[in-house]
Amino acid sequence: MEISDYKIIVTGGASGMGAATVRTYVAAGADVVSMDVNEQAGLEVTEAATAAGPGTATFMKVDISDKASVDAAFDAAVIQLGGLDAVAHPAAIQRSGDAASVTVEDWDLMFAVCVRGTMLVNQAAYRHMAPQKRGSIINFGSISGLRQEPVAPAYSAAKGAVHSWTRTAAAAFGKDGVRVNAILPAIATPMYDAAIARLDEAGRTANFWQNEQSIALGQKYGDPDRDLGPVMVFLASEASRFITGQLLPVDGGQAAVR
């Protein structure tokens with residue numbers, strides 16, 4: 001699974017799964033542009049990744065919910081990189097709530113970032129990949145998009161939309177050799193930890209039985225570098241050249257055995 005010298009854009013690269021993906025790609029020899037709204041954290045991640053080598057990473061501040069911001073950043077990144085082989089799109093937000101009281105503000109923000117952001121990032125990637133008749137786009141879905149979520153209804157709805165978009169984009173982009181898949185991760189991240197911290201004891205107990213208990217491989221979320229990273233390399237590389245339109249759980253069996 002060779003990605004040495006690949007040119008890759010990673011969104012949400014300032015923390016969590018995005019930061020782990022930046023580190024993984026650079027360690028595999030790729031040149032990466034990391035994009036996020038958090039400039040300071042994003043710079044720290046890219047500087048550390050580049051220092052570890054052998055690839056390189058640079059940072060661009062981007063609002064993925066804004067078309068002008070996404071298009072300008074992708075154009076600049078492709079010029080800087082000298083091409084575009086793959087795009088990993090972990091960038092997302094999460095808001096807790098319940099179906100009876102979820103606010104319009106939280107609903108609209110969730111769809112602006114998670115759904116509109118996915119559409120804009122995928123369109124920008126496709127625009128640069130289509131002329132070369134190859135490329136891989138890796139979206140991030142969630143088991144939340146496959147089931148009811150009593151404490152995160154807007155997140156569940158948004159991720160379900162990401163799943164549908166991924167299949168549609170894969171069908172549309174395939175004629176130009178551009179693959180579109182989505183990871184469904186059960187991976188420990190600061191966003192997940194923060195969401196759990198907002199729950200009371202009863203909520204944390206319910207979360208264990210809904211999420212972690214069904215993880216066959218250890219009943220706990222995976223490590224972003226060790227468990228997610230190699231899958232991200234596989235999906236970016238030509239080893240996955242005949243895989244598209246798929247929702248791939250990286251979750252220790254969470255989705256399959258629940």
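What comes next is a walk through the structure. (Residues numbered from 1 in each chain as written. Predicted model: local features only at pLDDT ≥ 70, side-chain atom pairs only at ≥ 80, totals over all residues. Heavy atoms only, no water.)

## Here's the deal with the packing of helix α1 (residues 16-27) against helix α8 (residues 224-236)
As a packed pair, α1 and α8 sit with axes 9 Å apart at the nearest point and diverge in direction by 65°. Every pair of crossing elements has a handedness; the one defined by α1 and α8 is right-handed. Between α1 and α8, the residues in contact are M17, A20, T21, R23, T24 and Y25 and P224, D225, L228, G229, M232, V233 and A236, respectively. For the contact of α1 with α8, the residue count by class is 8 nonpolar, 3 polar and 2 charged. (Axes fitted to C-alpha atoms, helices over the stretch in contact; angles between N-to-C directions. Helix = DSSP H or I, 4+ residues; strand = E, 2+ residues; numbered from the N terminus. Left-handed = near helix turned anticlockwise from the far one by under 90°. Contact = heavy atoms within 4.5 Å. Nonpolar A, V, L, I, M, F, W, Y, C, P; charged D, E, K, R; others polar.)

## As for the side chain of S156
Residue position: S156 is located in helix α5 (residues 153-173). On the basis of relative accessible area, S156 is assigned to the buried category, the value being 12%. Excluding residues that lie within four positions of it along the chain, S156 makes contacts with S144, G145, R147 and E149. (Buried < 20%, exposed > 50% of the residue type's maximum accessible area, 1.4 Å probe, protein only.)

## Considerations on the nonpolar core
Ranked by internal contacts, the top residues of the largest apolar core, which has 37 residues, are I9, M35, V70, F74 and V87. Put simply, the parts of the chain that give this core at least two residues each are β2 (31-36), α3 (67-81), α4 (104-129), α5 and β6 (178-185). When residues in this core are grouped by element, the largest group, 10 residues, is from α4. Excluding residues that lie within four positions of it along the chain, V70 makes contacts with V62, D63, I64, L120, V121 and A124. Counting residues in hydrophobic clusters, the runner-up holds 26 residues, among them V10, Y25, V32 and A86. (Core = buried A, V, L, I, M, F, W, Y, C linked by side-chain atoms within 4.5 Å.)

## Considerations on helix α7 (residues 201-212)
Spanning 12 residues, α7 covers 15 Å between terminal C-alpha atoms, matching the ideal 16 Å at 1.5 Å per step. For α7, the set of buried residues is G203, N207, N211 and E212. Seen end-on, α7 carries its buried residues on one side only, within an arc spanning 110°. Projecting away from the buried face of α7 at angles above 90 degrees are the exposed residues E201, A202 and W209. (Expected span 1.5 Å × (residues − 1). Arc of directions from axis to C-beta.)

## A word on the pairing of strand β4 (residues 86-89)
Burial along β4 is two-sided: the face carrying A86 and A88 and the face carrying V87 and H89 are both buried. With 3 bridges joining them, strand β1 (residues 7-11) and β4 adopt parallel strand pairing. Following the sheet pairing, I9 is matched in β4 by V87. Across 4 bridges, β4 lies against strand β5 (residues 135-140) in parallel orientation. In the sheet register, H89 faces β5, and the bridge partner there is N139. (Pairing = 2+ DSSP bridges.)

## Here we look at the packing of aromatic side chains
Under the definition given, this model contains 3 aromatic pairs. Ring centres of Y126 and F173 lie 4.0 Å apart, and the angle between their planes is 10°; on these two criteria the pair is classed as stacked. With Y126 in helix α4 and F173 in helix α5, this pair connects stretches of sequence that are 47 residues apart. Judged on exposure class, the residue Y126 and its partner F173 are both buried. With a centroid separation of 5.4 Å and an interplanar angle of 85°, the aromatic rings of F208 and W209 are classed as edge-to-face. Residue classification places F208 among the partly exposed residues on the basis of a relative accessible area of 26%. Here the basic side chain of R134 rests over the ring of Y6, its NZ or CZ set 5.7 Å away from the ring centre. (Phe/Tyr/Trp six-rings, centres within 6.5 Å; stacked < 30°, edge-to-face > 60°. Lys NZ or Arg CZ within 6 Å of the ring centre and 35° of its normal.)

## Some remarks on the environment of K67
Relative to the helices and strands, K67 resides in helix α3. Judged by its relative accessible area of 47%, K67 is partly exposed. The spacing of K67 and V121 is 54 residues in sequence and 8.6 Å in space, taken between C-alpha atoms.

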